[in-house]
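Here's the letter readout for the chains.
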Amino acid sequence: MKRKKTADKHYFARICRTLGRFSMCAGAILALGMIILGILRATQPAINTQLSESYRAINNSSVDSLPSVTNNHASGFNLGAAMLAIAVSAGIILFFAQALKSYNSSIRKAIAKVAELAHLPIFIVELALTLIFWVITILFMFQDLPVFSLYIFITFIINELLFIFAWLSYGRPVYTL
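Owing to the predicted nature of the structure, the values given are computational and were not obtained by experimental measurement.

A. Representation of the overall build of the protein in the model. When its secondary structure is counted, the protein shows six helices and zero strands. Taken from the N to the C terminus, the helices and strands of the protein come in the order α-α-α-α-α-α. Taking all 177 residues of the protein together, the buried fraction comes to 26%. The contacts of the protein with a sequence gap of at least 6 include a subset with a gap of at least 24, amounting to 78%. Within the structure as shown, the protein displays about 12500 Å² of accessible surface, and the carbon and sulfur contribution to it stands at 69%.

Quick look at the structure:
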């Protein structure tokens, strides 16, 4: 009995692209979260300077002369910025919840639409979107947590390599849907 030849399914390339898309999606979520935190930080009054002055006073004084701590942070709360952050966060959560229902096909269609609008190959758009999302995340993360930005940079490199390995495993085609 003769067996039919099965076509090569490119399993390694498919796994790499799916993991790359998942990582790119995680980078997009992190980038948007960092942007929201940056907006909130920019709209808040300078609470950090008040706290650092209190810490200096505590470190440079005896127990008897310590200042009393009062809660005056309520006056620095910016309701508009908080509502904006909540609205944007809810929108992001709803968008990604809908996208995760049919994760792979949704992300593929979104990338294909961006590629069509930009008149670029899908491979280039995947690499460019990955670059944009992870660089935004790295830049915002570097301001507050420089050690963790190193891990984010390593994740960015792995994400780019996943797309490159997939492209090479497919035989360097021009992706189409």
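Having seen the model, we can carry on.
B. Region of the structure containing the packing of helix 5 (residues 122-144) against helix 6 (residues 146-169). Relative to each other, helix 5 and helix 6 sit at 175 degrees, their axes nearing to 8 Å. The angle between the axes of helix 5 and helix 6 places the two elements in the roughly antiparallel class. Across the interface between the two elements, Phe123, Glu126, Leu127, Thr130, Leu131, Trp134, Thr137, Ile138, Met141, Phe142 and Asp144 of helix 5 pack against Pro146, Phe148, Ser149, Ile152, Phe153, Thr155, Phe156, Asn159, Glu160, Phe163, Ile164 and Trp167 of helix 6. For the contact of helix 5 with helix 6, the residue count by class is 15 nonpolar, five polar and three charged.

C. Examining the packing of helix 1 (residues 11-43) against helix 6 more closely. Interhelical geometry of helix 1 versus helix 6 gives an angle of 145 degrees and a closest axis separation of 8 Å. As helix 1 runs across helix 6, the sense of the crossing is left-handed. Across the interface between the two elements, Phe12, Ala13, Cys16, Arg17, Leu19, Gly20, Arg21, Ser23, Met24 and Leu30 of helix 1 pack against Ile152, Thr155, Asn159, Leu162, Phe163, Phe165, Ala166 and Ser169 of helix 6. A per-class count over the contact of helix 1 with helix 6 returns eleven nonpolar, five polar and two charged.

D. View of unusual backbone geometry. In this structure, His119 takes a positive phi of about 55 degrees despite not being glycine. Positionally, His119 belongs in the loop between helix 4 (103-118) and helix 5.

E. Summary view of the pattern of salt bridges. If you walk through the whole model with that rule in mind, you get two salt bridges. In this structure, the salt-bridge partner of Arg17 is Glu126, at a minimum N-O distance of 2.8 Å. One end of the pair, Arg17, is in helix 1; the other, Glu126, is in helix 5, with 109 residues separating them in the sequence. The class for Arg17 is buried, based on a relative accessible area of 11%. Across the salt bridge formed by Glu126 and Arg21, the nearest N and O atoms sit 3.9 Å from each other.

F. Structural detail: the nonpolar core. Residues Met24, Phe96, Ile107, Ile111, Ile122, Val125 and Leu129 are the most contacted members of the largest nonpolar core, which totals 18 residues. Of all the secondary-structure elements, those providing two or more residues to this core are helix 1, helix 3 (79-101), helix 4 and helix 5. Filtering out sequence-adjacent residues up to four positions away, Leu129 remains in contact with Met24 and Ile111.

G. Fine view of a positive patch on the surface. On the surface, Lys9, Arg14, Arg108 and Lys109 cluster together into a patch of positive charge. Within the secondary structure layout, Lys9 lies in the segment before helix 1.

H. Fine view of the environment of Thr155. Structurally, Thr155 is set in helix 6. You can call Thr155 partly exposed: its relative accessible area is 30%. With 131 residues separating them along the chain, Thr155 and Met24 place their C-alpha atoms 9.8 Å apart. Those residues in contact with Thr155, other than ones at most four positions away along the chain, are Ser23 and Trp134.

I. Here's a closer look at helix 4. Between its terminal C-alpha atoms helix 4 stretches 22 Å, which fits the 22 Å expected from 16 residues at 1.5 Å a residue. Those residues of helix 4 that sit buried are Tyr103, Ile107, Ile111, Ala112 and Ala115. For helix 4, the arc enclosing every buried residue in end-on projection is 150 degrees, short of the 170-degree limit, so these residues lie on one face. Of the residues in helix 4, the exposed ones pointing more than 90 degrees away from the buried face are Lys109, Glu116 and Leu117.

Conventions used here
- Residues numbered from 1 in each chain as written.
- Predicted model: local features only at pLDDT ≥ 70, side-chain atom pairs only at ≥ 80, totals over all residues.
- Heavy atoms only, no water.
- Helix = DSSP H or I, 4+ residues; strand = E, 2+ residues; numbered from the N terminus.
- Buried < 20%, exposed > 50% of the residue type's maximum accessible area, 1.4 Å probe, protein only.
- Contact = heavy atoms within 4.5 Å.
- Areas by Shrake-Rupley, 256 points an atom, 1.4 Å probe, with all protein chains shown as cover.
- Axes fitted to C-alpha atoms, helices over the stretch in contact; angles between N-to-C directions.
- Parallel < 35°, antiparallel > 145°, perpendicular 65-115°, else oblique.
- Nonpolar A, V, L, I, M, F, W, Y, C, P; charged D, E, K, R; others polar.
- Left-handed = near helix turned anticlockwise from the far one by under 90°.
- Salt bridge = Lys/Arg side-chain N within 4 Å of Asp/Glu carboxyl O.
- Core = buried A, V, L, I, M, F, W, Y, C linked by side-chain atoms within 4.5 Å.
- Patch = residues over 30% accessible without salt bridge, like charges linked within 9 Å, V, L, I, M, F, W, Y side chains within 5 Å.
- Lys, Arg positive; Asp, Glu negative; His and termini not counted.
- Charge placed at Lys NZ, Arg CZ, Asp CG, Glu CD.
- Expected span 1.5 Å × (residues − 1).
- Arc of directions from axis to C-beta.

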